[in-house]
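Structural features, examined
Chain by chain, the residues:
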Amino acid sequence: MSNGQDTRTQTGTALRDARAARKWSQVKAAHEYARAAARLDIAPPEPDTLRITISRWENGHQRPDEVSRRVLRHLYGLSDADLGAPAPAPLAGAAAELAARLSSSARVDDGLVSLFAQNTHILRIRDRQFGAAALLDQMSGHVEEIRTYLDHSLNPDVRAGLARVLADAGALAGWQALDAGDPKRAWALYVLARQAALEAGDRVLLAHALGEQAYVLLEARRAGDARQLIGHAVALGPHPPLLEAWLAAAEGEFAAAEGDRRSVLDAFNRAWIALPSDVPDGSMPFLTLDDVHLSRWRGSALARLGDPEAITDLIAALEAIDGGPFVRAQASLHTDLATAYAAAGERDSARAHLRAARQLAAEVGSRRLLSRLSRVLLPGEGGDGVQ
């Protein structure tokens, strides 16, 4: 088999595996390809032609061209190497490509930076309502576009603006990856967010990225390391009160994972004291924290400890946000209530919240919550409460 045929076969395998991982048919893949192309302002082929083309790509009969590879990168998160990109161009061609990217990045201005920030927030709102599974590929494309401009921008002010947006977008993509059950990808995105925050010289964004990255450690059952990372974030302060409250609450959650009740209560007391009484000014759109959400957070931590006091906090929070836009938060609340009721030996209540949590977690595609739910043991079904 020739090198060209080898490349086409490898590309076909990568595309077929990427589609299979999403459980898409070729018809569904063609539909999603057309949507991705539209987001990139690229006109896709006619649906029947596109479906045949996808089949030829996957069978190794044809290799995607440069425009198609751009859409496929955005759609599947694959690299140029995965997609059988041609060998690196000669030096003159590579220099011309670099010059083109530098010229393109030179056209980035404050207006485009603001547009990137607005798009990040729109994706954040959609994530809260519909979950990470439906948005992760789109979010990855958004992050990659910002990073490409940052990598080739020479204007210090534009670089700082792009870096701030990338720190926010990278952290959001990291959270989505973690929620979708991909901690390795989440970790890499948080590293990117931290690097961008350092480039921007923004301690708030850096502390936030550190705090969220600590949740990857928590998922890996390294709560002690998570607490240490939160300590690094706190040490970057002083921080705005809202961020101080958020970091204290995260510290309380990690302390709960270690069974340290005294530290849990102390951390949440500090969070309540730091929490601003007025509505935040929107300078930290990545933080949603008020009395209701802090009560939910405290209840979740207490539920980890099997503390019956958790139920009071969680019920109050559920009544406040039930039916609102924070669908994943509602799924998390039902998960915590199932945990708390199971620990209290109240089987029927635990079962009801398990059903509600599973339904909502499935709707938003939260593998992280579904994994937690799989560890809830109802009284009489293998344990006295929760694992």
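Residues numbered from 1 in each chain as written. Predicted model: local features only at pLDDT ≥ 70, side-chain atom pairs only at ≥ 80, totals over all residues. Heavy atoms only, no water.

1. Examining the packing of helix H11 (residues 223–235) against helix H12 (residues 241–257)
- In the contact formed by H11 and H12, the axes pass within 9 Å of each other and the chain directions differ by 165°. Accordingly, the angle class assigned to the pair H11 and H12 is roughly antiparallel. For the pair H11 and H12, the crossing hand works out as left-handed. Contact with H11, carried on its side by Ala223, Ala226, Arg227, Ile230, Ala233 and Val234, involves Leu247, Ala250, Glu251, Phe254, Ala255 and Ala257 of H12 and no other residues of that element.
- When grouped by side-chain class, the residues that make up the contact of H11 with H12 number 10 nonpolar, no polar and 2 charged. (Axes fitted to C-alpha atoms, helices over the stretch in contact; angles between N-to-C directions. Helix = DSSP H or I, 4+ residues; strand = E, 2+ residues; numbered from the N terminus. Parallel < 35°, antiparallel > 145°, perpendicular 65-115°, else oblique. Left-handed = near helix turned anticlockwise from the far one by under 90°. Contact = heavy atoms within 4.5 Å. Nonpolar A, V, L, I, M, F, W, Y, C, P; charged D, E, K, R; others polar.)

2. What to know about the side chain of Glu32
- In this structure, Glu32 sits in helix H2 (residues 26–39).
- According to the relative accessible area criterion, Glu32 is buried, its value standing at 10%.
- Excluding its chain neighbours within four sequence positions, the residues that come into contact with Glu32 are Trp24 and Leu75. (Buried < 20%, exposed > 50% of the residue type's maximum accessible area, 1.4 Å probe, protein only.)

3. Topic: the side chain of Arg368
- In this structure, Arg368 sits in helix H18 (residues 367–374).
- The exposure class assigned to Arg368 is buried, which follows from its relative accessible area of 12%.
- In this structure Arg368 touches Trp175, Leu178, Asp179, Tyr215 and Glu219, once residues within four positions along its chain are discounted.

4. Regarding the confidence of the model for the protein
- Looking at the protein, pLDDT values average 86 and 92% of them are 70 or higher.
- Every residue in residues 383–387 is under pLDDT 50, and counting partners more than four places away or in other chains gives 17 contacts. (pLDDT = per-residue confidence, 0-100.)

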